[in-house]
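Coordinate inspection notes
In case you want the letters, here they are:
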Amino acid sequence: MKNIFKKLFLLTLLAGAVSSCDMGNDKELNYGNEAFVAQFPFAAKTGYFLKTNSEIFNYEVPVELVGGNGLALDTDVAVSFEKLAYVDDASTTNDDTYVTAVEGTDFEFVNPVHSLVIPAGSTFASIPIRVLSGNLDDTHPAVIVLNLTEVSATGATVVSSGNKGKINVVLQATCTSDLAGMYDLTATRIATGAVYALPGEEITEVGTGQYLTSSTGPYNIRGLISAGAQLATPTGGFIFNEVCGRIALPQPSQLLGGGYSNIVTQAPDQAALSVINPVTGVMTIYYSVWFTGNTVERKYFGVYTPL
């Protein structure tokens, strides 16, 4: 059977409009004239793949070069990495249902040699993999744990990150999905019990099994002022994926309305409660919106009744 290749990009969602530099264990990273540091942009990321035996998905895991004088090097940077076994970690995936991804069964490295090159003049490269989606279990997602080991460049001091040198890449299988359409929505803020009526909720498909709502909590852009603040952004909603009857928001986070510094997240316990009724088609989605520099959490759930 002929394989169909689809390329999915692993994107970084910025958590705020103001960035800061967290030194962590990278004592040499000072953005002066010291070492350059190779690292992953985030500790964990979930990719969603339609579960089918006829397709192999190409996926890219980004590696970035930071530090030094803030500019790219004029020489190639060689980066080596290793694959580790998955260990449940509360700071990343925090779910006992995850399992270690098996090379040759769940995925393949495009380059069998565990190395990559960040080209001269660039601060970015990627580790390409092929995801064998037909072998994935949607209820027990496979996790590829990658760890940077050695970094080198001619005439420059380059090191691997001490606190951003490892990433958990979750391979989440999905099923055929058809959720786009109009809904009646009621959103509830859990702490206060406040209920917001949001009729005319439109859900739009933006990718295979991936959708965009038009409200987040009480926030919307369609004139429902009594429900909550209107957002001065192109959308008032958030992105979610259908995972074979369950609803999952992409991790690690996304921006409120696609433009504010407030982040929208979904913890594992919230994901476990986010489901679709197979008979009525009613969706229930749990998530959080963060405020005060993303230190204060407001928890919501929405009930979407198809029209």
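Let me sum up the structure you'll find in this document. Just so you know, these numbers come straight off a predicted model, no measurement behind them.

How each quantity is defined
Every chain begins its residue count from 1, and numbering advances along the sequence as written. The predicted nature of this model means local features are confined to residues of pLDDT at least 70 and side-chain atom pairs, given and counted, to a pLDDT of 80 or more, with totals for whole chains, interfaces and linings taken over all residues. Calculated side-chain values reflect all of the structure's heavy atoms, with hydrogen atoms and water omitted. To qualify as a helix, a DSSP run of H or I must reach at least 4 residues; to qualify as a strand, a run of E must reach at least 2; elements of each kind are numbered from the N terminus. Each residue is placed in one exposure class: buried if its accessible area under a 1.4 Å probe, protein chains only, is under 20% of its type's maximum, exposed if it is over 50%, and partly exposed if it falls in between. Only Phe, Tyr and Trp rings are paired, with Trp represented by its six-membered ring, and only when their centres lie within 6.5 Å; those with planes under 30 degrees apart are stacked, over 60 edge-to-face, the remainder tilted. For this text, the term disulfide refers to a pair of cysteine sulfurs within 2.5 Å. For two strands to count as paired, DSSP must find a minimum of two bridges between them.

Turning to the overall build of the chain, a few remarks are in order. When helices and strands are counted, the chain shows one helix and 24 strands. Residue burial in the chain is summarised as follows: out of 307 residues, 43% are buried.

So, on to unusual backbone geometry. Although it is not a glycine, Cys244 adopts a positive phi angle of roughly 55°. Along the chain, Cys244 turns up in the loop between strand E18 (239-243) and strand E19 (246-248). Assessed through its relative accessible area of 22%, Cys244 is described here as partly exposed.

Quick look at the environment of Ala232 now. Relative to the assigned elements, Ala232 resides in the loop between strand E17 (219-220) and E18. The spacing of Ala232 and Tyr260 is 28 residues in sequence and 9.1 Å in space, taken between C-alpha atoms.

Turning our eyes to something else, we now look at the packing of aromatic side chains. Enumeration according to the criterion identifies 12 aromatic pairs in this entry. Aromatic side chains Tyr211 and Phe240 sit 5.5 Å apart centroid to centroid with 25° between the ring planes, which places their arrangement in the stacked category. Of this pair, Tyr211 sits in strand E15 (residues 210-212) while Phe240 sits in strand E18, and the two are 29 residues apart along the sequence. Residue class for Tyr211 comes out buried when judged on its relative accessible area of 0%. Since its relative accessible area comes to 0%, Phe240 is described here as buried. Note on Tyr219 and Phe291: the rings are 6.4 Å apart at their centroids and 50° apart in plane angle, and the pair reads as tilted.

This part is about the state of the cysteines. Following the criterion strictly, the structure yields one disulfide and no others. The disulfide that involves Cys175 links it to Cys244, with 1.9 Å between the sulfurs. Taking the torsion about the S-S bond as the criterion, the Cys175 to Cys244 disulfide, at about 90°, is right-handed. With Cys175 in the loop between strand E12 (166-174) and strand E13 (181-189) and Cys244 in the loop between E18 and E19, this residue pair connects regions lying 69 residues apart in the sequence.

Moving on to the pairing of E12. The side chains of a regular strand alternate between both faces of the sheet. Here E12 lies mainly inside the structure; eight of its nine residues are buried. Note: strand E3 (residues 44-50) against E12, seven bridges, orientation parallel. Among the inter-strand pairings, Tyr48 is bridged to a residue of E12, identified as Gln172. Sheet analysis places strand E10 (residues 142-153) next to E12, joined by six bridges and oriented antiparallel. The partner of Ala142 across the bridge, within E12, is Leu171.

The quantities given are spatial measurements derived from coordinates; they are silent on function.
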